[in-house]
Amino acid sequence: FKAVHHPPTFETAGKVPGLQVWRIENLDLKPIPKNLHGSFFTGDAYILLYTSNAPVPSYNIHMWLGDECSLDEGGAAAIFSTQLDDFMGGKPVQYRETQKFESTTFLGYFKKGITYKRGGVSSGFQHVVINDINEKRLLHVKGRRAIRATEVEMIWSSFNQGDCFIIDLGKDIYQWCGSECNRFERLKASQLAISIRDNERNGRAKLQMVEEGCEPDAVLEVLGPKTKIAPATPDDEKVETLNKKKGALYMISDASGSMREEVVAQTSPFKQAMLSHEECYILDNGMDRNIFVWKGSKANTAERKAALAAGQKFIKDRGYSDKTQIQVIPAGAETTLFKQFFSDWRDKNETTGPTKAYTMGRIAKVDQVPFDASTLHQSSTMAAQHSMVDDGSGKVQIWRVEGGAKVPVDPSNYGHFFGGDCYLILYTYNLGGRDMHIIYTWWGQKCTQDELAASAFLTVKLDDSMGGSPVQVRVTQGQEPPHLMSLFKGKPMIIHSGGTSRKGGQTQASSTRLFHIRTSSSGNTRAVLATAASLNTNDVFVLKTTSALFMWRGTGATDEEMKAAKHVEMFLGGNATPVAEGKEPADFWSALGGKAEYQTSKTLQSCIKTRLFGCSNKTGNLSVEEVPGDFTQSDLATDDVMLLDSGDQLFLWIGNDANEEERNGTPKLAKEYIETDPSGRRGIPITTIKQGAEPLTFIGWFQGWDPKMWDTDPLERIRARF
């Protein structure tokens, strides 16, 4: 990175994969501890940096402005954002974000939701109070895909019957559900409530679900005698993320000393050849509240540095809403949203259309910086720079929950997790001569309610036996955090979809087993027992039969995935026959029950961002909203119709509880979605499928698909975690 004048806090920027967050305090940058990421004061401005090093390093810088933040703080945020971009050699994509109008990229970092707190630096509000048992606040939770909780006045008139509210009293947290609040919203509000308990209170607060009309005394004591609750209100801001409008393309230059713009094309779709590397451009999609500034690799330095300012001026000159999002994009790091305006986009070395953004030019190797503070125990500012407490080389002890007690797991089986079990993982590492502890409680998707309850009790017991010093982290199968995945000494974490590891109680391993191996963007690897339908061109699979062992490598698989597959091969005991995609022997297919359709889509191979949208009329009109971040099977809302765009085809997934208007109105929306696609994509197949009858071509987009997921009620499953 460049040695330019920059705040000392930038020294750690981009050194480790994951998220770093700073708040602007007195025109200086102060790091926010990791366990408070996702919580924002509305009177403040923040800078966020997201680093991903798979398959090559790439960076996103976000400047976030609260509704009440001052002009000075907003100005400082723009300067710091530009300085950070400059410090990182102009490689990051820069985003300008405003409260309640964040990009899906930004929302994707906070799958459990975002909290807006009242106040800010100027009014003395700090981020650093953890375990604050004197906390008293009321959060109004809204949203089905992107969850936002806004702090409101602690009075009965703040409530309404259609939403969930979190009454946070420090030691006790109540999730209050209005009588008209639907199941999926309850589920999402519960995830946020659990996150507050686990992160802000280190697992030490008691969490309870309260129905409207059944408020306990503790709640009435704080809020006073109950008054009439307002009826449900439709959302003021109708969320609509289909790209209805066209874009326009302008070339900008400061050749004459002042920034001027020249029309390149009045309306999309554009051709990639319209962009010259000697220039900078603005792609105007202001009607959808989006502006893109593209920086050519050979454009002059002054123009490149002024890109964010040029975007802000453009918004002002056009009279667009000040909530308009800005993306500043260096050539070679184009985002999916930007590329969709071009009919013929090709990434470097690609021949098949839109692909994952890659970064041009040399970037300093992303080195692990030495860890010198604990994010999880102290609010030390240094700690906030790191996405993991350490490199996972400390001491690991694992117990399985059995008959209400904890039974040690044989160390030779560490790293194997069975979906029918619950586990306690105690991790001990040394920090400044002191032993620090984390207790991970891992819940399999098929474990019993008794085991769930016992695991919660045993976690508390273990915590108490250690003087209450450990940090508790609750983990559900398939949602393992990077640090937990790093504890197995370079081996992948191997997840068996069902069964148990108990002696005698072990389900007989099926004679044919297929393991799906995939590396996350943070570089940790997970191997999941899968079905033939999961086969896809982007990953590695290990297939074990009674007589053979195969290692299948998809065209788009990485070397890390191959390395992890070697560990699965050792566990299955044997030397696997390597199988390259497209050169499979007949006995490979016969072991899988015959050659069937699997996910070979070119777009999967070239890593196009597959997008998932929810179509719902819960707010009164039929609206469409994108699911932020990496989506999973649990993002399919059973009371909605979902739209999955895989690039070369569109799926409409109909949840069993979707209402008539959603079922009838969505096909029309899907057609409109394709017809208004800014890239000019037309006539691609639209497949309508029903919950429970998903074809292989759909299942292939979800890792570790569980055909029995909906046999139990998701709301009951999450309630067991209270």
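Residues numbered from 1 in each chain as written. Predicted model: local features only at pLDDT ≥ 70, side-chain atom pairs only at ≥ 80, totals over all residues. Heavy atoms only, no water.

- By the naming in an unreviewed UniProt entry, the protein goes by Gelsolin-like and is assigned to Gouania willdenowi.
- Check the Subcellular location (unreviewed entry) section of the UniProt entry for the protein; it says "Cytoplasm, Cytoskeleton". (UniProt positions renumbered as here; feature names shortened; annotations may be inferred.)

## Remarks on helix H13 (residues 660–675)
And step 1. Here H13 spans 24 Å end to end across 16 residues, near enough to the 22 Å set by a 1.5 Å rise per residue.
And step 2. Most pronounced at Thr 666, the bend in H13 amounts to some 35°, and the proline Pro 667 follows within four residues.
And step 3. Restricting attention to buried positions, one finds in H13 the residues Glu 662, Gly 665, Thr 666, Leu 669, Ala 670, Tyr 673 and Ile 674.
And step 4. Elements in contact with the buried residues of H13: strand E30 (611–616), strand E31 (623–626), strand E32 (641–645), strand E33 (650–654) and strand E34 (686–690).
And step 5. Backbone nitrogen of Glu 661 and a side-chain oxygen of the N-cap are separated by 3.2 Å at the start of H13; the cap is Asn 659. (Helix = DSSP H or I, 4+ residues; strand = E, 2+ residues; numbered from the N terminus. Expected span 1.5 Å × (residues − 1). Bend = angle between axes of the 7 residues up to and from the residue. Buried < 20%, exposed > 50% of the residue type's maximum accessible area, 1.4 Å probe, protein only. Contact = heavy atoms within 4.5 Å. Polar contact = N/O pair within 3.5 Å; in protein donor to acceptor, adjacent residues only side chain to side chain.)

## A few points about the nonpolar core
And step 1. Counting 37 residues, the largest nonpolar core has Val 141, Ile 166, Leu 636, Leu 644, Phe 698 and Phe 702 as the members making the most contacts within it.
And step 2. Listed by contribution, the elements that provide at least two residues to this core are strand E8 (137–142), strand E10 (164–168), strand E11 (172–177), helix H3 (183–200), E32, E33, helix H14 (696–699) and helix H15 (714–719).
And step 3. Considering each element in turn, this core owes the most residues, seven residues, to H3.
And step 4. The residues contacting Val 141, other than those within four sequence positions of it, are Ile 147, Arg 148, Ala 149, Asp 163, Cys 164, Ile 166, Ala 189 and Leu 192.
And step 5. Counting residues in hydrophobic clusters, the runner-up holds 36 residues, among them Phe 10, Trp 22, Ile 47 and Leu 65. (Core = buried A, V, L, I, M, F, W, Y, C linked by side-chain atoms within 4.5 Å.)

## Looking at the pairing of strand E26 (residues 525–530)
And step 1. For E26, the buried fraction is high: five of the six residues fall into the buried class.
And step 2. Of the strand pairs in this sheet, strand E24 (residues 493–496) and E26 are connected by three bridges, and their pairing is parallel. Residue pairing for E26: Ile 494 is matched across the bridge by Ala 527.
And step 3. Summarising the sheet, strand E25 (residues 513–519) and E26 pair through six bridges and their orientation is antiparallel. Among the inter-strand pairings, His 516 is bridged to a residue of E26, identified as Val 528. (Pairing = 2+ DSSP bridges.)

## What about the sheet that holds strand E1 (residues 18–25)?
And step 1. Ordered by their spatial adjacency, ten strands build an open sheet running E2-E1-E4-E5-E6-E17-E16-E15-E13-E14, and the pairing between neighbours is mixed. Only two strands of the sheet have a single partner each, and these edge strands are strand E2 (28–31) and strand E14 (260–265). Taken over all neighbouring pairs, the strand axes of this sheet differ in orientation by 25° on average, direction set aside.
And step 2. Where strand E15 (residues 280–285) and strand E16 (residues 290–295) come together, six bridges link them in antiparallel fashion. By the bridge assignment, Tyr 281 is partnered in E16 with Trp 294.
And step 3. Strands E1, E2, strand E4 (45–52), strand E5 (58–65), strand E6 (93–98) and E16 of the sheet are contacted by helix H1 (residues 71–87), whose axis makes an angle of about 175° with E5.
And step 4. Against the sheet, helix H6 (residues 307–318) touches E5, E6, strand E13 (248–253), E14, E15, E16 and strand E17 (325–330), its axis set at about 145° to E17. (Axes fitted to C-alpha atoms, helices over the stretch in contact; angles between N-to-C directions.)

## Regarding the environment of Thr 632
And step 1. One can find Thr 632 in the loop between E31 and E32.
And step 2. On the accessibility criterion, Thr 632 (26% relative accessible area) is partly exposed.
And step 3. As for Thr 632 and Phe 702, which are separated by 70 residues in sequence, their C-alpha atoms are 6.0 Å apart.
And step 4. Looking at Thr 632, its side chain comes within polar contact range of the side chain of Ser 634, at 2.9 Å.

## Focus on the pattern of salt bridges
And step 1. Counted according to the given criterion, the structure contains 33 salt bridges.
And step 2. One salt bridge in this structure joins Asp 85 and Lys 295, with 3.1 Å as the shortest N-O distance. One end of the pair, Asp 85, is in helix H1; the other, Lys 295, is in strand E16, and 210 residues separate them in sequence.
And step 3. Note on Asp 85: relative accessible area 5%, which makes it buried.
And step 4. Take Lys 295: its relative accessible area is 1%, and that puts it in the buried class.
And step 5. Here Asp 639 and Arg 144 are joined by a salt bridge, their closest N and O atoms 2.8 Å apart. (Salt bridge = Lys/Arg side-chain N within 4 Å of Asp/Glu carboxyl O.)

## Here's the deal with the sheet that holds strand E27 (residues 540–544)
Paired through backbone hydrogen bonds, the strands of a sheet run either parallel or antiparallel to each other.
And step 1. Strand order across the open sheet formed by seven strands is E20-E24-E26-E25-E27-E28-E29, with mixed pairing between neighbours. Across the chains shown, the open sheet's two edge strands, defined by having one partner strand only, are strand E20 (416–418) and strand E29 (577–580). The mean inter-strand angle of the sheet, taken between neighbouring strand axes irrespective of direction, is 20°.
And step 2. Pairing geometry for E27 and strand E28 (residues 549–553), over five bridges, is antiparallel.

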